[in-house]
Amino acid sequence: MTPTVFHSVRLEEEKCVGCTTCIKHCPTEAIRVRKGRASIIEERCIDCGECIRTCPHGAKKAVSDPLAMLSAFSYKVALPAPSLYSQFPESTSVDRVLSGLVELGFDEVYEVAEAAELVTEATKRLLEEPGRPRPLISSACPAVVKLLQLRFPSLLGQLVPLLPPMEVAARVVKERLHPGKAGVGVFFITPCAGKVTATRSPLGYERSFLDGVIGIKDLYLPLRGALSQAPSRRLARAGARGIGWGRVEGESGAVGERRSISVDGIGNVIGVLEALENGELKDVDFIEALACPGGCVGGPLTVENPYIAKTRLRHREDAAPPAGEGPRAPLDSLAWTEGLRSRLALALDPDMLKALVMMEEMELIAEGLPGLDCGSCGAPTCRALAEDIVRGKASSSDCVFKLRESVRKLARELIALEELQPPGLDREDKAAKS
Ligand code: SF4
Ligand code: SF4
């Protein structure tokens, strides 16, 4: 089913068996199983891809744009994410990977790693500014940005207010390299679902300059086929600092901030953000937080094992100069053009008073539930079921234990009823007994 709000992460209903595995792993409790099938609560989904990784039946997928989309443009530019390089063995040079993209039909390539170098420099300048709230939190991972909107709105002011490298790359191509040129189509080659969603619903800027986003998975086989035929051109320009953004510790290493935390995996990210919210990270200046294990190399649209990919990317960095050949045409400003608002999907009601009443009701209901968090009701925890009941989206009989309790009570009442006699007969019966 196509969602009303665009989300790259979708459910393939026919593959879902309602096993409830995914509901336990969703960091925002965005999944429920009802009538034997999972469904995603759109307002809560941050497109982190965790459910794609954990569904044992392959019923969750990330959708990106088809390669066929290229034909709508007369001049096609590929913007490969640095993680693309890590999908191929070291014997396949970055030049060869980029040449393969040209062989596939792109007229030009612009490495997102080059744009990452621009963002690195701008982030360094922000870190030097006195009065900036500390620590600054990287805004490179859209799933993490959305997580903040949903669960940690008090930390939104600490996000790095800069365009992500993919967007910077698209703007460099359209505004600086080919200004006013008709028919230019710019395509990001992505490792993750979150970035597909972020181009449709941008975070911190009004509209994306990208014309399409193609998953590495969808491009991998044709690209592998094209590699052997492609004459190797000298196309790689990005330096180690930009390439490193494809893995965890890459961005913080590039920024050079020693008092930094690099965290990967959405559960670990939540742990660090909770500590930050609780005031435990006063000695930290920068947080690089990435939803996928290993960073972008672990994105759900990649094909290689993230540990292998991370090692390969490190080797690519070793082979590249620290800084690349320098930006071909830097933008004047990389700053966000709009602020980010919190998302109220977790609030029980926009009216504070009403929300408090509902909260009390929810606590009472939760107290009456068994607290086993078994998931058989289709909600991830007993508290989540209590919340669904208060919201009018579930009933206490969805809990098998509550249902059994009700059936027992009903059975007792029936037995008691069965023993009752009409008053007249009741007398006779008593007389007979005496
Ligand atoms: S993990 Fe979720 S999506 Fe996958 S089969 Fe089980 S209930 Fe369905
Ligand atoms: S993508 Fe992430 S937030 Fe969305 S439903 Fe899946 S696990 Fe939950």
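Structural notes, computed from the coordinates.

## Re empty space enclosed by the protein
Argument step 1. In this structure the tally under the stated criterion is seven cavities of 30 Å³ or more.
Argument step 2. Counted as a void, the largest cavity has a volume near 190 Å³.
Argument step 3. Around the largest cavity, the lining comprises 19 residues; the ones closest to its centre are Pro-82, Pro-165, Lys-195, Trp-245 and Cys-296.
Argument step 4. Contributions of two or more residues to the lining of the largest cavity are made by α4 (112-128), α6 (165-177) and β11 (286-290).
Argument step 5. Class assignment for the residues of the lining of the largest cavity results in 14 nonpolar, two polar and three charged.

## Structural notes on the state of the cysteines
Argument step 1. According to the stated counting rule, one finds zero disulfides in the structure shown.
Argument step 2. Free cysteine: Cys-382, not disulfide-bonded; nearest cysteine sulfur from Cys-399 at 6.3 Å.
Argument step 3. By relative accessible area, Cys-382 is classed as buried at 13%.
Argument step 4. By relative accessible area, Cys-399 is classed as buried at 7%.

## Digging into the site of ligand 1
Argument step 1. Taken together, 15 residues are adjacent to ligand 1, and Cys-16, Cys-19, Thr-20, Cys-22 and Cys-55 come closest.
Argument step 2. Classifying every residue of the shell around ligand 1 by side-chain character gives ten nonpolar, four polar and one charged.

## With respect to the packing of helix α3 (residues 94-104) against helix α8 (residues 216-229)
Argument step 1. The interhelical angle for the contact between α3 and α8, taken along N-to-C directions, is 100 degrees, at an axis separation of 8 Å. Taken as axis vectors, α3 and α8 run roughly perpendicular relative to one another. Contact residues: Arg-96, Val-97, Gly-100, Leu-101, Glu-103 and Leu-104 in α3; Leu-219, Pro-222, Leu-223, Ala-226, Leu-227, Ser-228 and Gln-229 in α8.

Each value, and the rule that gives it
- Residues numbered from 1 in each chain as written.
- Chains lettered and ligands numbered in written order.
- Predicted model: local features only at pLDDT ≥ 70, side-chain atom pairs only at ≥ 80, totals over all residues.
- Heavy atoms only, no water.
- 1 Å grid on protein atoms, 1.4 Å probe; cavity = no way out; pocket = protein on both sides within 12 Å on 5 of 7 lines; lining within 4 Å.
- Points joined across faces, edges and corners; volume = space filled by probe spheres on them.
- Helix = DSSP H or I, 4+ residues; strand = E, 2+ residues; numbered from the N terminus.
- Nonpolar A, V, L, I, M, F, W, Y, C, P; charged D, E, K, R; others polar.
- Disulfide = S-S within 2.5 Å.
- Buried < 20%, exposed > 50% of the residue type's maximum accessible area, 1.4 Å probe, protein only.
- Near = heavy atom within 4 Å.
- Axes fitted to C-alpha atoms, helices over the stretch in contact; angles between N-to-C directions.
- Parallel < 35°, antiparallel > 145°, perpendicular 65-115°, else oblique.
- Contact = heavy atoms within 4.5 Å.

It is worth stressing that arrangement in space is one thing and function is another; only the former is reported here.
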